[in-house]
Amino acid sequence: MPMRFRELKPKNGSHIVLEERGDVIEGYHRAHVAVVNKRGDMLFHSGDPRHYTFSRSCIKPIQAIPILSLGAADHFGFDEKEIAIICGSHSGQDEHVKTIGSILKKAGLEEDQLKCGGHAPFHKGTAKKLCGEYSRIHDNCSAKHAGVLALCKHLGWPLDNYTDPDSEVQRTILETVSTLGEMDPGTITVAKDGCSIPNFAFPIDRMALMFAKLGDPTDSQFQRELTTIRRALIENPHMVSGTDRFDEVIMKQRPSEIISKAGAMGLQTVAARIKGEWLGISAKIEDGSYAAVTPLIYHILEELGMEFKDNKYSNKTIKTRSKEIVGSYKVIGSLEIGDRQPNPFLT
């Protein structure tokens, strides 16, 4: 007999995202979730809250910190919209391209110095208009590359090796990540992301901790930089992602209460102001499904007391190519209060 939603009753401390087609479950996505305050206290969790995985694009706001702390943003006069897109994964829309062009111009850089490669814009209308004639600037990571190059230029570091994990700029970014995440750098695994810039693997509760500090930077060693980044992201959600994409949608639903950043392979991290306190929430779908993580985030935030109107991400459906609804996603399970064990990754 086929398994159906109503027949599954997971225990507290676990979440599963189910895909149903014709009342039969054909997708079963196990999740890992950490909910942390800025002091590093594990308030809630499900699955393994210290699941070790790459941070992917969720880390971009943290990678941007040295661009501010070491003076490049001030020196080149980057505005908040430009800072936001440096932290984002843009859709290649006209406003995004214009903003990145401004970053490059202010820093005296050229598009062909970006080592991000390139892909068609995420925004379908823009991609259709370009008819395959996209360039590096349309890559969703191009603003991050522009920001890192600007930092190198400001400090007189080489521009041709900025994606090398052993370069001075990447060592500086790694140090920033380990400091803000309160980790021993030796516990972080480094490997290149899809855009060729080094990415970092560590437990998801450390990602949640960094976003809790982004939500409330008070007393952080990077208070000034995080305050600027937080304001830039909250005021410019379109620069974080793009039209009708998850990060922009959820940030516009709760202005000044949510900062959201998507990552590849089923990873999503948010800072959310819950009952007056900023919490960091990091969720990872074990099999890497990004389609499954967006309804999960809504489910978790609603468990924590936030309310939302239904939208295509919270009430996610499965459609045929002719737009007929034939199934849906459903999240089952719940958070468990508190922690289970000491954190072996703490410094």
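Before reading on, note that the structure itself is shown above.
Let me begin by describing the structure that accompanies this report. Since the structure is predicted, the reported quantities are computational estimates derived from the model, not experimental observations.

1. Topic: the packing of aromatic side chains
Pairs of aromatic rings are described using the distance from one ring centre to the other and the angle between the two planes.
Right, so step 1: Going through the model one piece at a time under the given rule, you end up with four aromatic pairs.
Right, so step 2: Ring centres 5.8 Å apart and planes at 85 degrees place the aromatic pair Phe246 and Tyr298 in the edge-to-face group. With Phe246 in helix α12 (residues 246-253) and Tyr298 in helix α13 (residues 290-303), the pair connects residues that are 52 residues apart, well separated along the chain. The same class applies to Phe246 as to Tyr298, namely buried.
Right, so step 3: Seen from their ring centres, Phe246 and Tyr313 are 5.4 Å apart, and the 80 degrees between their planes marks the pair as edge-to-face. Of this pair, Phe246 sits in helix α12 while Tyr313 sits in the loop between α13 and β10 (317-319), and the two are 67 residues apart along the sequence. Each of the two residues, Phe246 as well as Tyr313, counts as buried.

2. Quick notes on the pattern of salt bridges
Right, so step 1: Within this structure, the stated rule accounts for 17 salt bridges.
Right, so step 2: Lys81 is the salt-bridge partner of Glu95, the closest N and O atoms lying 3.0 Å from each other. Taken together, the residues span a long stretch of sequence, with Glu95 in helix α5 (residues 94-107) and Lys81 in helix α4 (residues 80-86) at a distance of 14 residues.
Right, so step 3: Given the relative accessible area of 35%, Glu95 is considered partly exposed.
Right, so step 4: When its relative accessible area of 32% is taken as the criterion, Lys81 is described as partly exposed.
Right, so step 5: We note a salt bridge from Lys129 to Asp94, for which the minimum N-O separation is 3.0 Å. Pair noted here: Lys129 is in helix α6 (residues 124-130) and Asp94 is in helix α5, with a separation of 35 residues, a long-range link.

3. Points about the side chain of Ser178
Right, so step 1: When you line up the elements, Ser178 lands in helix α8 (residues 168-180).
Right, so step 2: A polar atom in the side chain of Ser178 sits 3.0 Å from the backbone oxygen of Glu175.
Right, so step 3: Excluding its chain neighbours within four sequence positions, the residues that come into contact with Ser178 are Met183, Pro185 and Ile188.

4. Re the layout of surface pockets
The probe, sized like a water molecule, is rolled over the atoms to show the empty space still left.
Right, so step 1: The calculated volume of the largest pocket comes to roughly 1,100 Å³.
Right, so step 2: Lining the largest pocket are 36 residues, with Arg245, Phe246, Tyr290, Lys312 and Tyr313 sitting closest to its centre.
Right, so step 3: When contributions to the lining of the largest pocket are tallied by element, the ones reaching two or more residues are α6, α12, β7 (258-263) and β10.
Right, so step 4: Within the lining of the largest pocket, the residues separate by chemical class into eleven nonpolar, 13 polar and twelve charged.

5. With respect to the sheet that holds strand β6 (residues 198-203)
Right, so step 1: Strand order in the open sheet formed by three strands is β4-β6-β5, and the pairing between neighbours is antiparallel. Two strands close off the open sheet at either side, each with one partner strand: β4 (52-54) and β5 (189-192). Averaged over all pairs of adjacent strands, the angle between strand axes in this sheet comes to 25 degrees, irrespective of strand direction.
Right, so step 2: In the sheet, β4 pairs with β6 via three bridges, with the strands oriented antiparallel. Its bridge partner lying in β6, Phe54 is registered against Ala201.
Right, so step 3: The sheet strands contacting helix α9 (residues 204-215) are β4 and β6, and the helix crosses β6 at an angle near 105 degrees.

Here is what the cut-offs are and how they apply
- Residues numbered from 1 in each chain as written.
- Predicted model: local features only at pLDDT ≥ 70, side-chain atom pairs only at ≥ 80, totals over all residues.
- Heavy atoms only, no water.
- Phe/Tyr/Trp six-rings, centres within 6.5 Å; stacked < 30°, edge-to-face > 60°.
- Helix = DSSP H or I, 4+ residues; strand = E, 2+ residues; numbered from the N terminus.
- Buried < 20%, exposed > 50% of the residue type's maximum accessible area, 1.4 Å probe, protein only.
- Salt bridge = Lys/Arg side-chain N within 4 Å of Asp/Glu carboxyl O.
- Polar contact = N/O pair within 3.5 Å; in protein donor to acceptor, adjacent residues only side chain to side chain.
- Contact = heavy atoms within 4.5 Å.
- 1 Å grid on protein atoms, 1.4 Å probe; cavity = no way out; pocket = protein on both sides within 12 Å on 5 of 7 lines; lining within 4 Å.
- Points joined across faces, edges and corners; volume = space filled by probe spheres on them.
- Nonpolar A, V, L, I, M, F, W, Y, C, P; charged D, E, K, R; others polar.
- Pairing = 2+ DSSP bridges.
- Axes fitted to C-alpha atoms, helices over the stretch in contact; angles between N-to-C directions.

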